[in-house]
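Inside the fold
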Amino acid sequence: MLTQIINGKILTPQGWLTNGSVLIQDNKILEVTNCDLAVVGATLIDAKGMYIVPGGVELHVHGGGGRDFMEGTEEAFRVAIKTHMQHGTTSIFPTLSSSTIPMIRAAAETTEKLMAEPDSPVLGLHLEGHYFNPKMAGAQIPEWIKNPDPEEYIPLLEDTHCIKRWDAAPELPGAMQFGKYITSKGVMAAIGHTAAEYEDVLTAYEVGYRHATHFYNAMPGFHKKHEYKYEGTVESVYLIDDMTVEIIADGIHVPPTILRLVYKIKGVERACLITDALACTATDSQTAFDPRVIIEDGVCKLSDRSALAGSIATMDRLIRTMVQQADIPLADAVRMASETPARIMGVYDRKGSLQRGKDADIIVLDKDLQLRAVWAMGKLVEGTNKLF
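A few points on the structure.

Thresholds, definitions, all that
- Residues numbered from 1 in each chain as written.
- Predicted model: local features only at pLDDT ≥ 70, side-chain atom pairs only at ≥ 80, totals over all residues.
- Heavy atoms only, no water.
- Pairing = 2+ DSSP bridges.
- Helix = DSSP H or I, 4+ residues; strand = E, 2+ residues; numbered from the N terminus.
- Buried < 20%, exposed > 50% of the residue type's maximum accessible area, 1.4 Å probe, protein only.
- Phe/Tyr/Trp six-rings, centres within 6.5 Å; stacked < 30°, edge-to-face > 60°.
- Lys NZ or Arg CZ within 6 Å of the ring centre and 35° of its normal.
- Contact = heavy atoms within 4.5 Å.
- Arc of directions from axis to C-beta.
- Lys, Arg positive; Asp, Glu negative; His and termini not counted.
- Salt bridge = Lys/Arg side-chain N within 4 Å of Asp/Glu carboxyl O.
- Core = buried A, V, L, I, M, F, W, Y, C linked by side-chain atoms within 4.5 Å.
- Axes fitted to C-alpha atoms, helices over the stretch in contact; angles between N-to-C directions.
- Polar contact = N/O pair within 3.5 Å; in protein donor to acceptor, adjacent residues only side chain to side chain.
- Left-handed = near helix turned anticlockwise from the far one by under 90°.
- Nonpolar A, V, L, I, M, F, W, Y, C, P; charged D, E, K, R; others polar.

1. Things to note about the sheet that holds strand β23 (residues 371–376)
By way of backbone hydrogen bonds, the strands of a sheet pair with one another, either parallel or antiparallel. A sheet is described by the order of its strands in space; here six strands give the open sequence β3-β2-β7-β22-β23-β24, paired in mixed fashion. Across the chains shown, the open sheet's two edge strands, defined by having one partner strand only, are β3 (15–17) and β24 (379–380). Note that β23 and β24 share two bridges and pair antiparallel. What sits directly across from Ala376, in β24, is Lys379.

Right, dumping it as structure tokens:
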């Protein structure tokens, strides 16, 4: 089956292409060309002058459509994944907040089942915790937070094959051994929910930690202790050039001025966009999976308002926020939602850009950056056919 998308502004690794077309065969991109002549036998899709860009690669998302990945069930996973696909996410790493080992095992079993399906958008499981600094717990469930425990993580990684990322606070006892072990197993180590200063972050980087979880959130910046000043985790990450970051680009977790600062210092190649979305995302619900959480001012918070607790953002909103509030060029905002996360997770060989031979993960945005169509692995995602 051939599909040809024409009459749009196509974002390629070389820049914008006008008057061209994207040709899809089954689940792959057959060609991106500067010719828009109709191909014999192809189903023709008119993009009506809109933007044709790669689909979003989501590294950090907890749920959506009323369901949370912590539930661990196939039904919960499918509902949440479908919800985010309808908003421009075409590849996803379901994320668990700090959880018990039985909960992690249940989610891993479901993840592995979905990953084995043909053309699956699920690329692996992301564990956000539970080896965090209790003082920086934020909305994590405090009873489940502890120091890294090899009697937990070694059997878990020996028994499963889907965990692709695991976050920890590097200042904890055992965190360096944890980082060395998981990276030896091909799992990306990230720092998060941490009070680490420069020496902690540098040592973590040297043993394999390469990424900072929801940068600026649940980590300190520049601060004073009595009369002396100290760098925080934020400045430490900035100082390590090759450490990548992710930012919750809803305009609330990180204000637009700081989104611009991250873009300016880390650049497109080392900063990616995430939703950190909770179960209540894309629903009319005013309650969250965690009973301590409320929804207020377009964001999730702990009910005592001591901390933010995840977002209700979707991939298309991240792109709009970066362009319309943070004044980032559209091409760069899209790359931070697709190319950069794909590179960070080692899947850029098949995801993250519109190129011959890559998976046909494509979204169409209108001039107001509203989502008009989504193809995932060459299939039009149900509920996104707003071009026709």
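2. What about helix α9 (residues 330–337)?
Side chains of residues three or four places apart in an α-helix project in the same direction, reflecting 3.6 residues per turn. Burial runs high along α9: seven of the eight residues are buried. Three or more residues of α9 are buried, namely Leu330, Ala331, Asp332, Ala333, Val334, Met336 and Ala337.

3. Quick notes on the packing of aromatic side chains
Under the counting rule described, the total for this entry stands at eleven aromatic pairs. Residues Tyr131 and Phe178 carry aromatic rings whose centres are separated by 5.2 Å and whose planes lie at 85° to one another, so their mutual orientation is edge-to-face. Taken together, the positions of Tyr131 in strand β12 (residues 125–131) and Phe178 in helix α4 (residues 175–184) put the pair 47 residues apart, joining distant regions of the chain. Here Tyr216 and Tyr238 contribute two aromatic rings whose centre-to-centre distance is 6.3 Å and whose plane-to-plane angle is 70°, an arrangement assigned as edge-to-face. One end of the pair, Tyr216, is in the loop between β15 (209–212) and β16 (223–225); the other, Tyr238, is in helix α6 (residues 233–239), and 22 residues separate them in sequence. Using a relative accessible area of 25% as the deciding quantity, one classes Tyr216 as partly exposed. Directly above the ring of Tyr230 sits Lys225, whose terminal nitrogen or CZ lies 4.7 Å from the centroid. A cation over an aromatic ring shows up here: Lys358 above the ring of Tyr348, its NZ or CZ 3.3 Å from the ring centre.

4. Observations concerning the environment of His84
For His84, the location among the structural elements is in helix α1 (residues 74–85). C-alpha separation for the pair His84 and Ala169, spaced 85 residues apart in sequence, amounts to 28 Å. The contacts of His84, once residues within four sequence positions are left out, are Val61, Gly63, Gly64, Thr89, Ile92, Thr275, Ala277, Thr281, Ala313 and Thr314.

5. Remarks on the side chain of Asp316
Following the sequence through the fold, Asp316 ends up in helix α8 (residues 315–325). When sequence neighbours within four positions are dropped, the list of residues in contact with Asp316 reads His87 and Leu371.

6. Things to note about helix α7 (residues 256–266)
Residues of α7 that are buried: Pro256, Leu259, Val262 and Lys266. Buried residues in α7, looked at end-on, bunch into an arc of 115°, giving them a common side. The inward-facing, buried residues of α7 abut α6, β18 (244–248), β19 (271–274) and α8.

7. Remarks on the side chain of Asp276
Note that Asp276 resides in the loop between β19 and β20 (293–296). We note that Asp276 is buried and unpaired, the nearest opposite charge coming from Arg165 at a distance of 8.6 Å. With residues near it in sequence (within four places) discarded, Asp276 still touches His60, Val61, His62, Glu128, His214, Ile248, Gly310 and Ser311.

8. A short note on the nonpolar core
The biggest cluster of nonpolar side chains holds 82 residues, and the ones touching the most others in it are Ile163, Trp166, Tyr209, Phe215 and Met322. For this core, the element with the highest residue contribution is α9, accounting for six residues. Dropping the residues within four chain positions of it, Phe215 is found in contact with Val234, Val237, Tyr238, Val245, Glu246, Ile247, Val254 and Val262. Core analysis: the second largest hydrophobic core is formed by 18 residues, Ile5, Ile10, Ala47 and Ala360 among them.

9. Regarding the sheet that holds strand β8 (residues 56–61)
If you walk across this open sheet you meet the eight strands as β8-β11-β12-β13-β14-β15-β18-β19, and the pairing is parallel. Here the strands that pair on one side only, and so sit at the sheet edges, are β8 and β19. The mean angle between the axes of side-by-side strands here comes to 25°, regardless of whether they run parallel or antiparallel. Of the strand pairs in this sheet, β8 and strand β11 (residues 89–96) are connected by four bridges, and their pairing is parallel. Counted as the bridge partner of Glu58 is Ile92 from β11. Where α7 meets the sheet, its contacts fall on β18 and β19, and the angle it forms with β18 comes to roughly 165°.

10. Some words on the environment of Ser98
When you line up the elements, Ser98 lands in the loop between β11 and α2 (101–115). Since its relative accessible area comes to 0%, Ser98 is described here as buried. A C-alpha to C-alpha distance of 6.1 Å links Ser98 and Gln140, two positions 42 residues apart in sequence. Ser98 has contacts with Met70, Glu128, Gly129, His130, Phe132, Gln140, Trp144 and Ile145, leaving out every residue within four places of it along the chain. There is a polar contact of 2.6 Å between the side chain of Ser98 and the side chain of Gln140.

11. Remarks on the packing of α8 against α9
Between α8 and α9, the least distance of the axes is 9 Å, while the angle of their chain directions is 145°. Crossing geometry of α8 relative to α9 is assigned as right-handed. Between α8 and α9, the residues in contact are Met315, Ile319, Met322 and Val323 and Leu330, Ala333, Val334, Met336 and Ala337, respectively. Partitioned by chemical class, the residues of the contact of α8 with α9 number nine nonpolar, no polar and no charged.

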